[in-house]
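One-letter residues, chain by chain:
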Amino acid sequence: MHSSDISAGLKNIHKDDMILLRESWSIINRNIQKIGVNIFAMIFEQCPEAKFLFPFTDISKRDSDSIRFHSLRFMQAIESVINSIETLNKIDPLLTNLGHVHGRLKERLNFKPEYWTVFRECTLYHFRRTLEKSSSIIVKTRKLFGMLDSTESSIDYLISLWGMLLDYMIEEMTMSFRADIRTRELNKNNWLQNEEEQNTNYFEERRATMKMQRTEQVRTSKGRNKRKSFCCGLQCFHFDQRYNHQ
C-alpha cells in the first residue's frame, strides 16, 4: 500500500516518500549532466517545435555547451525542490520566477505551457531508466510494499512520486506564467489606449491650431482688402495724383 496519497499532492507527502525521493535523487545526481542532456535530446525528438525556443543553439550537436547549460539548469531546478521538500513555500519564489521567464518566452518565441508536459514525460522516462539500474533504491522502495512486490511495482511507485513532484513544479510555474501573460496583455492594452488617447489629443490640438490659423488668415485678408479699397478710393477721387498705390 502506498505510504502517500498521490492525489493529495506534494505538500501532503509522507516522510518515508521524502526519503525515497532524496535517495533516488542522489542516484540521479551522479550522472546529472548526462541525464539532463538525454532529456533535452528526447524533448527535441518528441516535440521538434521546441527547438525554436533555442534560436541561437546548434541543436544538431547533442552535447553542445548551450544544451549542457540549459539541461543542467533544468535539473538544478528539480534539485532545488528536492532540497526544500519539507518547506515547499521556500521554493515557490523560484518556481514563480521560472513562470515569469517563460511568460517572456511566450512573447518572444511563442512558448506554450503544453511543452512542460513533454518535459515531464521525457524526464520520467529517463529517471525510470536510471533508477531501474539501482538495486539499493529498489530494495528501499520494496520495504514500503512488502517483500512480495515486484521490482517493476517498486519503480512504478518511485516514478509516481517523481511525477507528483514534477506536477507540483508545473502547476506553480503555470500559475505565474498565466499571471505574467495577463499582466503583459493588460499593459499592452493600456499602452494602446494611451497611444490612442495621445493621438486623439494630438489631432484635436492640430485641428484647433489649424482653425486658429485659418481664422487669422481670414482676418488678415479682410484687413488687406479694406486698405486696398481705401487706397483705390483715394486714387479714384484724385486726392493725390502722386499717391504711391500699394
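Residues numbered from 1 in each chain as written. Predicted model: local features only at pLDDT ≥ 70, side-chain atom pairs only at ≥ 80, totals over all residues. Heavy atoms only, no water.

As annotated in an unreviewed UniProt entry, the protein chain is BMA-GLB-30, isoform a from Brugia malayi. In UniProt, the protein chain has this text filed under Sequence similarities (unreviewed entry): "Belongs to the globin family." (UniProt positions renumbered as here; feature names shortened; annotations may be inferred.)

(A) Spotlight on the overall build of the protein chain. Scanning the protein chain from N- to C-terminus turns up 7 helices and 0 strands. Evaluated residue by residue, the protein chain yields a buried proportion of 35% over its 246 residues. Counted over contacts in the protein chain with a minimum sequence separation of 6, partners at least 24 positions apart contribute 75%. Summed over all atoms, the accessible surface of the protein chain reaches about 16100 Å², with 52% contributed by carbon and sulfur. (Helix = DSSP H or I, 4+ residues; strand = E, 2+ residues; numbered from the N terminus. Buried < 20%, exposed > 50% of the residue type's maximum accessible area, 1.4 Å probe, protein only. Contact = heavy atoms within 4.5 Å. Areas by Shrake-Rupley, 256 points an atom, 1.4 Å probe, with all protein chains shown as cover.)

(B) Geometry of the side chain of Ser71. Tracing the chain through its elements places Ser71 in helix α3 (residues 65–83). A polar contact is formed between the side chain of Ser71 and the side chain of Gln33, at a distance of 3.5 Å. Residues within four places of Ser71 in sequence aside, it is in contact with Gln33, Gly36, Val37 and Phe40. (Polar contact = N/O pair within 3.5 Å; in protein donor to acceptor, adjacent residues only side chain to side chain.)

(C) Geometry of helix α2 (residues 32–46). Between its terminal C-alpha atoms α2 stretches 21 Å, which fits the 21 Å expected from 15 residues at 1.5 Å a residue. For α2, the complete set of buried residues consists of Ile32, Ile35, Gly36, Val37, Asn38, Ile39, Phe40, Ala41, Met42, Ile43 and Phe44. In the core, the buried residues of α2 are packed alongside α1 (15–28), α3 and α5 (115–131). (Expected span 1.5 Å × (residues − 1).)

(D) Structural detail: α3. Between its first and last C-alpha atoms α3 spans 26 Å; for 19 residues at 1.5 Å apiece the expected length is 27 Å, and the two agree. Buried within α3 we find Ile67, Ser71, Phe74, Met75, Ala77, Ile78, Val81 and Ile82. Projected down its long axis, α3 carries its buried residues within an arc of 150°, all on one side. Along α3, exposed side chains directed more than 90 degrees from the buried face belong to Asp65 and Asn83. (Arc of directions from axis to C-beta.)

(E) The arrangement of the packing of aromatic side chains in detail. One pass over the structure, following the stated rule, counts 11 aromatic pairs. A centroid spacing of 5.6 Å and a plane angle of 85° characterise the contact between Phe40 and Phe119, whose relative ring orientation is edge-to-face. Residue Phe40 is found in helix α2, and its partner Phe119 is found in helix α5; the two are separated by 79 residues along the sequence. You'll find Phe40 and Phe119 in the same group, each marked buried. Grouped by ring-pair contacts, the aromatic residues Phe40, Phe44, Phe74 and Phe119 constitute a single cluster. (Phe/Tyr/Trp six-rings, centres within 6.5 Å; stacked < 30°, edge-to-face > 60°.)

(F) Quick look at the nonpolar core. Formed by 57 residues in total, the largest nonpolar core has its most connected members in Leu10, Met75, Ile78, Phe127, Trp162 and Leu165. Looking at this core, the elements with two or more residues in it are α1, α2, α3, α4 (92–109), α5, α6 (135–145) and α7 (151–236). Per-element tally for this core: the top contributor is α7, with 15 residues. Here Trp162 is in contact with Leu21, Ser24, Trp25, Ile28, Ile78, Ile82, Leu124, Phe127 and Leu131, once residues within four sequence places are set aside. (Core = buried A, V, L, I, M, F, W, Y, C linked by side-chain atoms within 4.5 Å.)

(G) Just unusual backbone geometry, in detail. For Asn110, which is not glycine, the phi torsion reads 60° and is therefore positive. Tracing the backbone shows Asn110 in the loop between α4 and α5. Take Asn110: its relative accessible area is 40%, and that puts it in the partly exposed class.

(H) The arrangement of the confidence of the model for the protein chain in detail. Mean pLDDT over the protein chain stands at 79; residues scoring 70 or higher make up 73%. The lowest-confidence element of the protein chain is α7, averaging 74 in pLDDT; the highest-confidence one is α5, averaging 95. Note on residues 1–7: pLDDT is under 50 here. Beyond four places in sequence and across chains, it has 17 contacts. Segment residues 234–240: pLDDT under 50, and 4 contacts once partners within four positions in sequence are set aside and those in other chains are kept. (pLDDT = per-residue confidence, 0-100.)

(I) Spotlight on the pattern of salt bridges. Applying the stated criterion across every chain yields a total of 6 salt bridges. Across the salt bridge formed by Arg120 and Asp167, the nearest N and O atoms sit 2.6 Å from each other. Separated by 47 residues along the polypeptide, Arg120 in helix α5 and Asp167 in helix α7 bring together distant segments of the chain. Several salt bridges share partner residues, and in doing so they unite Arg120, Glu121 and Asp167 into one network. (Salt bridge = Lys/Arg side-chain N within 4 Å of Asp/Glu carboxyl O.)

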